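# Structure assessment
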Amino acid sequence: QGVIGAIDGCILRTESPGVAVENSADHYCERKKMFGMLLMAACDADMIIRFWDMKFTPKTHDSTAWKESTLGAWIASGLLPQPFCLLGDKAFRPGNPSLLTPGTTNSTSDAFKYVQSRGRMPAEQCFGILIRTWGVLLRPLQVRFDRRAPLVSALIHLHNLRRSRR
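Residues numbered from 1 in each chain as written. Predicted model: local features only at pLDDT ≥ 70, side-chain atom pairs only at ≥ 80, totals over all residues. Heavy atoms only, no water.

Moving on to the side chain of D8. Mapped onto the elements, D8 comes out in strand 1 (residues 2-13). Discounting residues that sit within four places of it in the chain, D8 has contacts with L39, M40, A41, D62, D89, F92, A123, E124 and F127. (Helix = DSSP H or I, 4+ residues; strand = E, 2+ residues; numbered from the N terminus. Contact = heavy atoms within 4.5 Å.)

Next up, the structure:
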């Protein structure tokens, strides 16, 4: 299959949204013990982020955020032509051949697991580069709640510009 990228979710640390949001507890991730926002993103092999979505709380499972995202719905409807596909981890539970996850095929071979895992690495590396490059993401975001997603979107655009110009 022709892999076009990898999809994953990352929780970016934020301060509590406080009274700015009606259900601020929805923005607390018990698993990570922090307030945050879920960044769902797909990147290519050059670690350029081609799709991102931040409309979900950090309590949202990656598979749910994926299915309800614009790209997830687009791919689920079969609009990604074969043989192209995205790679995701086991949290994404694919419903079609356009998203390969561990266990997608009947192959449980170590070689398949290795290649599939290696193909997802750019997404993980991309998040690390994004966070380490822009110091504001190293600490909990301290901007107004309604400005968090636009700020991260701007940083993603700058990240992509840096990656494309190397």
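This brings us to the nonpolar core. Counting 20 residues, the largest nonpolar core has L12, L39, L137 and V152 as its most contacted members. Counting residues per element, the ones that place at least two in this core are strand 1, strand 3 (34-43), helix 3 (110-133) and helix 4 (145-165). Ranked by the residues each element gives to this core, the list is headed by helix 3, at five residues. Not counting residues up to four positions away in its chain, the partners in contact with L12 are F35, G36, M37, L39, I131, L137 and V152. One finds L38, F51, W66 and L86 within the second-largest nonpolar core, a separate group that totals 17 residues. (Core = buried A, V, L, I, M, F, W, Y, C linked by side-chain atoms within 4.5 Å. Buried < 20%, exposed > 50% of the residue type's maximum accessible area, 1.4 Å probe, protein only.)

So, about the environment of L99. As for its placement among the helices and strands, L99 is situated in strand 6 (residues 99-100). The class for L99 is buried, based on a relative accessible area of 2%.

With that settled, the discussion passes to unusual backbone geometry. Cis geometry is found at the peptide bond from Q82 to P83, where omega equals 15°. Note on placement: P83 falls in the loop between helix 2 (70-76) and strand 5 (84-87). In this structure, K33 is a non-glycine residue whose phi angle is positive, near 60°. Despite not being glycine, M47 has its phi angle at roughly 65°, a positive value. By the element assignment, M47 lies in the loop between strand 3 and strand 4 (49-53). Classification of M47 by relative accessible area gives buried; the value is 13%.

On to the packing of aromatic side chains, then. Per the stated rule, a full pass over the model turns up two aromatic pairs. Here Y28 and F35 contribute two aromatic rings whose centre-to-centre distance is 5.1 Å and whose plane-to-plane angle is 70°, an arrangement assigned as edge-to-face. For F35, a relative accessible area of 23% puts it in the partly exposed group. Aromatic side chains W66 and F92 sit 6.1 Å apart centroid to centroid with 85° between the ring planes, which places their arrangement in the edge-to-face category. Of this pair, W66 sits in helix 1 (residues 62-68) while F92 sits in the loop between strand 5 and strand 6, and the two are 26 residues apart along the sequence. Here F92 falls in the buried class, since its relative accessible area comes to 1%. (Phe/Tyr/Trp six-rings, centres within 6.5 Å; stacked < 30°, edge-to-face > 60°.)

A few words now on the pairing of strand 5. Both strand 1 and strand 5 contribute to a ladder of four bridges, which runs parallel. Opposite G5, over in strand 5, you have L86 as the bridge partner. Bridging between strand 5 and strand 6 involves two bridges; their strand directions are parallel. If you follow L86 over to strand 6, its bridge partner there is L99. (Pairing = 2+ DSSP bridges.)

Treat this as a map of the structure, not an account of what it does.
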